Amino acid sequence: GASQVLLATVLKNQFNTTSKFSIQNASDANVDINLKFYRAGETTVALELNETAIPAGAAKYYDMGTLSQLGASFDGSAVVSAVASGTATPANIVGTVLELQTNNVGVRAFEGVPSTAAANTVYMATALCQVQGTTSAYAVQNTSSTDAAAVTVTYSNSSTQTGNIPAGGKMSFSACNA
């Protein structure tokens with residue numbers, strides 16, 4: 001666990017997909033969590049939520065489909081931070097996301113990344129474009145709370161995609177656009 005977990009993609013009625021995610025208290029005492037949602041390409045926090053006194057080992061569950069504060073649709077990311085309840089002392093949490101198709105039977109899942117694991121270079125083992133009906137898409141999240149990040153994705157065939165990601169935000173890259 002870590003005191004801050006990054007959820008690179010959270011979706012609500014976007015790309016025929018809606019996300020559900022869970023944040024679990026990985027500490028041995030109650031924790032308070034703060035969630036900040038960022039729309040793709042925007043620099044301001046779209047929604048901020050706070051949850052208090054989540055017991056040790058317990059999890060808080062979020063269904064983007066029922067989160068009315070974000071409107072009818074949302075394409076973005078989330079940054080979740082935790083402290084020991086009633087203090088400013090960092091506390092450990094973990095997170096996981098399910099992306100459920102809304103027009104078919106399909107699901108994808110990924111783990112939230114501790115902010116301490118953030119890196120300037122990330123290697124992805126696979127980039128597919130319509131290979132047996134599968135296309136790879138990567139969400140890149142800017143972990144800075146103040147500065148934009150210039151991002152370049154370089155594929156094995158030397159083609160590139162670039163983007164400028166605002167602080168806290170995310171950008172998606174599709175292998176089919178390379």
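What counts, and where the lines are drawn
- Residues numbered from 1 in each chain as written.
- Predicted model: local features only at pLDDT ≥ 70, side-chain atom pairs only at ≥ 80, totals over all residues.
- Heavy atoms only, no water.
- Pairing = 2+ DSSP bridges.
- Helix = DSSP H or I, 4+ residues; strand = E, 2+ residues; numbered from the N terminus.
- Axes fitted to C-alpha atoms, helices over the stretch in contact; angles between N-to-C directions.
- Phe/Tyr/Trp six-rings, centres within 6.5 Å; stacked < 30°, edge-to-face > 60°.
- Buried < 20%, exposed > 50% of the residue type's maximum accessible area, 1.4 Å probe, protein only.
- Core = buried A, V, L, I, M, F, W, Y, C linked by side-chain atoms within 4.5 Å.
- Contact = heavy atoms within 4.5 Å.
- Disulfide = S-S within 2.5 Å.
- Salt bridge = Lys/Arg side-chain N within 4 Å of Asp/Glu carboxyl O.
- 1 Å grid on protein atoms, 1.4 Å probe; cavity = no way out; pocket = protein on both sides within 12 Å on 5 of 7 lines; lining within 4 Å.
- Points joined across faces, edges and corners; volume = space filled by probe spheres on them.
- Nonpolar A, V, L, I, M, F, W, Y, C, P; charged D, E, K, R; others polar.

Caption draft 1: Spatial organisation of the sheet that holds strand S2 (residues 17–25). Strand order in the open sheet formed by four strands is S5-S2-S7-S8, with antiparallel pairing between adjacent strands. Whereas interior strands pair on both sides, the edge strands pair on one side only; in this sheet they are strand S5 (59–63) and strand S8 (107–111). The average angle at which neighbouring strand axes cross in this sheet is 15°, direction not considered. Looking at chain direction, S2 and S5 are connected through five bridges and run antiparallel. By the bridge assignment for S5, Lys-20 is matched with Asp-63.

Caption draft 2: Molecular detail of the packing of aromatic side chains. Tallied over the full model, the rule gives three aromatic pairs. Summarising the aromatic geometry, the rings of Phe-21 and Tyr-62 are spaced 5.0 Å apart at their centres and angled 20° between planes, so their arrangement reads as stacked. Highlighted residues: Phe-21 in strand S2 and Tyr-62 in strand S5, separated in sequence by 41 residues. For the pair Phe-21 and Tyr-62, one class covers both residues: buried. Taking 6.2 Å as the distance between ring centres and 85° as the angle between the ring planes, the aromatic pair formed by Phe-37 and Phe-74 counts as edge-to-face. Of this pair, Phe-37 sits in strand S3 (residues 31–39) while Phe-74 sits in strand S6 (residues 74–84), and the two are 37 residues apart along the sequence. Judged on exposure class, the residue Phe-37 and its partner Phe-74 are both buried. An aromatic cluster is present here, built from Phe-21, Phe-37, Tyr-62 and Phe-74 joined pairwise through their rings.

Caption draft 3: Fine view of the nonpolar core. Formed by 23 residues in total, the largest nonpolar core has its most connected members in Leu-7, Phe-21, Ile-33 and Phe-37. Of all the elements in the fold, those that place two or more residues in this core are strand S1 (4–12), S2, S3, strand S4 (45–54), S6 and strand S7 (93–101). Ignoring any residue separated from it by four or fewer positions in sequence, one finds Ile-33 in contact with Ile-23, Leu-49, Asn-50, Glu-51, Ile-54, Tyr-62, Val-80, Ser-81, Ala-82 and Ile-93. The next biggest cluster of nonpolar side chains, apart from the first, holds six residues, and it includes Val-151, Val-153, Ile-165 and Ala-175.

Caption draft 4: Fine view of the state of the cysteines. Across all of its chains, the model carries one disulfide by this definition. The side chain of Cys-129 participates in a disulfide bridge whose partner is Cys-176; the two sulfur atoms lie 2.1 Å from each other. Between Cys-129 and Cys-176, the disulfide has an S-S torsion of 110° and is therefore right-handed. Separated by 47 residues along the polypeptide, Cys-129 in the loop between strand S9 (113–114) and strand S10 (137–141) and Cys-176 in the segment after strand S13 (170–174) bring together distant segments of the chain. According to the relative accessible area criterion, Cys-176 is partly exposed, its value standing at 31%.

Caption draft 5: A look at the pattern of salt bridges. One pass over the full model with this rule turns up four salt bridges. The closest approach of N and O atoms between Lys-20 and Asp-63, which form a salt bridge, is 3.7 Å. In this pair, Lys-20 sits in strand S2 while Asp-63 sits in strand S5, placing the two residues 43 residues apart along the sequence. The closest approach of N and O atoms between Arg-108 and Glu-99, which form a salt bridge, is 3.3 Å.

Caption draft 6: Main features of the layout of surface pockets. One number sums up the size of the second largest pocket: a volume of about 170 Å³. In this structure, the second largest pocket is lined by Gln-4, Leu-6, Asn-34, Lys-36, Tyr-38, Val-79, Ser-81, Thr-143, Ser-144, Ser-145 and Gly-168. For the lining of the second largest pocket, the secondary-structure elements that each account for two or more residues are S1, S3 and S6. If one sorts the elements of the lining of the second largest pocket by residue count, S3 sits on top with three residues. Taken together, the residues that form the lining of the second largest pocket break down as three nonpolar, seven polar and one charged.

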